[in-house]
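The chain contents come next:
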Number of protein chains: 2
Amino acid sequence: MKRVMLVVAYDGTNYCGWQIQANGITVQEELNRCLSKLLKEPIQTVGASRTDAGVHALGNVAVFDTAARMPAEKISYALNTYLPEDIRIQYSAEVAADFHPRYCESEKTYEYRILNRRFPLPTQRLYTYFYHYKLDVEKMREGASFLVGRHDFASFCGANAQVKSTVREVTGIDIEKKDDVITIQVRGRGFLYNMVRIIAGTLIEIGNEQYPPEKMGEILRACDRQQAGPTAPACGLTLKEIKFL
Amino acid sequence: MKRVMLVVAYDGTNYCGWQIQANGITVQEELNRCLSKLLKEPIQTVGASRTDAGVHALGNVAVFDTAARMPAEKISYALNTYLPEDIRIQYSAEVAADFHPRYCESEKTYEYRILNRRFPLPTQRLYTYFYHYKLDVEKMREGASFLVGRHDFASFCGANAQVKSTVREVTGIDIEKKDDVITIQVRGRGFLYNMVRIIAGTLIEIGNEQYPPEKMGEILRACDRQQAGPTAPACGLTLKEIKFL
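Let me sum up the structure you'll find in this document.

Criteria and cut-off values
- Residues numbered from 1 in each chain as written.
- Chains lettered and ligands numbered in written order.
- Predicted model: local features only at pLDDT ≥ 70, side-chain atom pairs only at ≥ 80, totals over all residues.
- Heavy atoms only, no water.
- Helix = DSSP H or I, 4+ residues; strand = E, 2+ residues; numbered from the N terminus.
- Rg over C-alpha atoms; globule rule 2.2 N^0.38 Å.
- Buried < 20%, exposed > 50% of the residue type's maximum accessible area, 1.4 Å probe, protein only.
- Contact = heavy atoms within 4.5 Å.
- Areas by Shrake-Rupley, 256 points an atom, 1.4 Å probe, with all protein chains shown as cover.
- Lys, Arg positive; Asp, Glu negative; His and termini not counted.
- Charge placed at Lys NZ, Arg CZ, Asp CG, Glu CD.
- Salt bridge = Lys/Arg side-chain N within 4 Å of Asp/Glu carboxyl O.
- Least-squares fit on C-alpha atoms with pLDDT ≥ 70 in both.
- Axes fitted to C-alpha atoms, helices over the stretch in contact; angles between N-to-C directions.
- Parallel < 35°, antiparallel > 145°, perpendicular 65-115°, else oblique.
- Nonpolar A, V, L, I, M, F, W, Y, C, P; charged D, E, K, R; others polar.
- Buried area = accessible area lost by both parts, 1.4 Å probe.
- Polar contact = N/O pair within 3.5 Å; in protein donor to acceptor, adjacent residues only side chain to side chain.
- Pairing = 2+ DSSP bridges.

**Notes on the overall build of chain A**
Working step 1: Helix and strand counts for chain A stand at 5 helices and 10 strands.
Working step 2: By the compact-globule yardstick of 18 Å for 245 residues, chain A fits well, its C-alpha radius of gyration being 19 Å.
Working step 3: Principal-axis analysis of the C-alpha atoms gives chain A an extent of 60 × 40 × 30 Å.
Working step 4: Considering chain A as a whole, with its 245 residues, one finds that 54% of them fall into the buried category.
Working step 5: When contacts within chain A are restricted to residue pairs at least 6 apart in sequence, those whose partners lie at least 24 apart make up 72%.
Working step 6: Total accessible area on chain A is roughly 11200 Å²; 48% of this is exposed by carbon and sulfur atoms.
Working step 7: Taken together, the 31 basic and 29 acidic charged side chains of chain A have centroids lying 3 Å from each other.

**Focus on unusual backbone geometry**
All names here are of chain B.
Working step 1: Here Asp 179, not a glycine, exhibits a phi torsion of approximately 50°, which is positive.
Working step 2: Relative to the helices and strands, Asp 179 is located in the loop between β8 (167-178) and β9 (181-189).
Working step 3: Here Cys 223, not a glycine, exhibits a phi torsion of approximately 50°, which is positive.
Working step 4: Here Cys 223 lies in the loop between α5 (215-222) and β10 (237-244).

**Observations regarding helix α2 (residues 72-80) of chain A**
Working step 1: Listed as buried for α2(A) are Ala72(A), Ile75(A), Ser76(A), Ala78(A), Leu79(A) and Asn80(A).
Working step 2: Next to the buried residues of α2(A) lie β1 (2-10), α1 (27-39), β3 (56-66) and β4 (87-95) of chain A.

**Digging into the pattern of salt bridges**
Pairing between side chains becomes possible if they bear opposite charge and their charged atoms approach one another.
Working step 1: Using the criterion set out here, one finds 28 salt bridges over all chains in the structure.
Working step 2: Across the pair Glu85(B) and Arg125(A) runs a salt bridge whose closest N-O atoms are separated by 3.6 Å. With one member in each of two chains, Glu85(B) in the loop between α2 (72-80) and β4 (87-95) and Arg125(A) in the loop between β5 (106-116) and β6 (129-131) form a pair that bridges those chains.
Working step 3: With a closest N to O distance of 3.0 Å, Arg141(A) and Glu138(A) form a salt bridge. Taken together, the residues Arg141(A) and Glu138(A), both in helix α3 (residues 137-145) and 3 residues apart, mark about one turn of the helix.
Working step 4: Given a relative accessible area of 46%, Glu138(A) falls into the partly exposed group.
Working step 5: Through salt bridges with shared partners, a single ionic network connects Asp11(A), Glu85(A) and Arg125(B).

**Concerning the relation of the copies chain B and chain A**
Working step 1: Superposing chain B onto chain A takes a rotation of 180° combined with a translation of 0.0 Å along the rotation axis, leaving an RMSD of 0.0 Å. The transformation relating the two chain copies, once decomposed into turn and shift, fits a two-fold axis.

**Remarks on the packing of helix α1 (residues 27-39) of chain B against α2(B)**
Residues and elements named next belong to chain B.
Working step 1: Running from N to C, α1 and α2 cross one another at 110°; their axes reach a closest spacing of 10 Å. Comparing the axis directions of α1 and α2 gives the class roughly perpendicular. For the pair α1 and α2, contact is made by Leu 31, Cys 34, Leu 35, Leu 38 and Leu 39 and by Ile 75, Ala 78 and Leu 79, respectively.
Working step 2: Of the residues contributing to the contact of α1 with α2, the split by class is 8 nonpolar, no polar and no charged.

**Topic: the interface of chain B and chain A**
Working step 1: Taken together, the contact pairs 26 residues of chain B with 26 residues of chain A.
Working step 2: Roughly 2200 Å² is buried in total at the junction of chain B and chain A, and carbon and sulfur atoms are behind 61% of that figure.
Working step 3: Along the contact surface separating chain B from chain A lie 4 salt bridges.
Working step 4: Residue Arg125(B) pairs with Asp11(A) through a salt bridge whose shortest N-O separation is 2.9 Å.
Working step 5: For the interface between chain B and chain A, the tally reads 8 residue pairs in polar contact (both at pLDDT 80 or more).
Working step 6: Listing elements by their share of the side of chain B that touches chain A, those giving two or more residues are β1 (2-10), β3 (56-66), α2 and β4 of chain B.
Working step 7: Here the side of chain B that touches chain A takes 5 residues from β4(B), the largest share from any one element.
Working step 8: Classifying every residue of the side of chain B that touches chain A by side-chain character gives 13 nonpolar, 5 polar and 8 charged.

**Some remarks on the pairing of β8(B)**
Residues and elements named next belong to chain B.
Working step 1: Here strand β7 (residues 149-152) runs beside β8; their pairing, made up of 4 bridges, is antiparallel. When the bridges of β8 are listed, Arg 150 appears paired with Glu 169.
Working step 2: Bridging between β8 and β9 involves 9 bridges; their strand directions are antiparallel. Bridge assignment links Val 170 to a residue of β9, and that residue is Gly 188.
Working step 3: Joining the antiparallel neighbours β8 and β9 is a turn of 2 residues, in which Asp 179 adopts a positive phi near 50°.

Now the structure itself:
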């Protein structure tokens, strides 16, 4: 028996998120199905991040246990021949039997992309959120600076969350603009439900000058979801990387 | 009666190319249908570039004549509310009654994008050609330099072409690599059928060192399609811009 880790990239457009559920097809379901076929035994994966419907990933992480004799590092290549083309394994390796992608300490990097221009671009529509009004990137950076550090992020937590504590640590937020695309990169140790999308939605309200950057500090201190901006659409979000510490 | 020009962006994935045909839905067909609905008269567009099935555009150009009173510059906004989300008008304006997007002198810029890495990335699969083997960008640039200028491009012309002359002028080719994506930008006054995709397919054979860069000169002089590389897949190609001179 060995434990194998997979780094998984996917286009979330056509999935009801990561986690297996009754409403529709999920990434985890496709992974389990294809792994079971490849390794000829029933396989159950555990994911590091249970991304929402429509959210993309370049580097989600999953582990599973198997008695199969195929070398762990070959599984990436073999599994890709079974998977649909909107899921692709980037890496596979054997890990310690007690490695758990959710309980081991990690830093995750999410990227929220906004297409900020006059008209939508069809070739960007699946991987960015189109926003028509002018956004001031400098003000967005100022607003983001209030969030870095260890705080109670209750204002940035979606309603469906069932967690004991809403305290989390954001280790950095970088905002860059290249051509028409504004990229908000958020790094942190664990995130609340919808946290990055609510941060993005609030930064947009600062970028469009509905609120001054300092408002972000007030919103954070309020610990009240009603104070923050809307949850920005799923298609703009990508889980970029997970580093285990 | 006035003549209106549209700058049209589209994701070519789900279309049988630009030009109306019996095999399936095309971009021109969708444009004509939505324009006719919007302006309440039968509209026929003429396109600058009849892109192939699966090829994308950021700036194809179409013109049509209409008696409708809607100001030309408003048509972009109004038409976008009728079009499917994989087609978006970027600009509309009235032009001279004798302006014809195919017979007026122009320079077109095409971009061919190659995703050059170990494993495919699902979020790039629709807009790049995934190529696994190592490509030497410097050698590709050397090879491309043989093509710049006015030449007989018969070696780079698809079999279905019905043209009097295969002489064309390529005004520049720039090849850049950023992260895992190699972008081949080709500018020229008119192109032959499949010309950019055959150039890309041949540059890949030079980049992977199957042929030395000088081979590109020989292929060009041969005026024989059999000498050039394969036609690279449509999904990697985007018509970026058309400048009328």
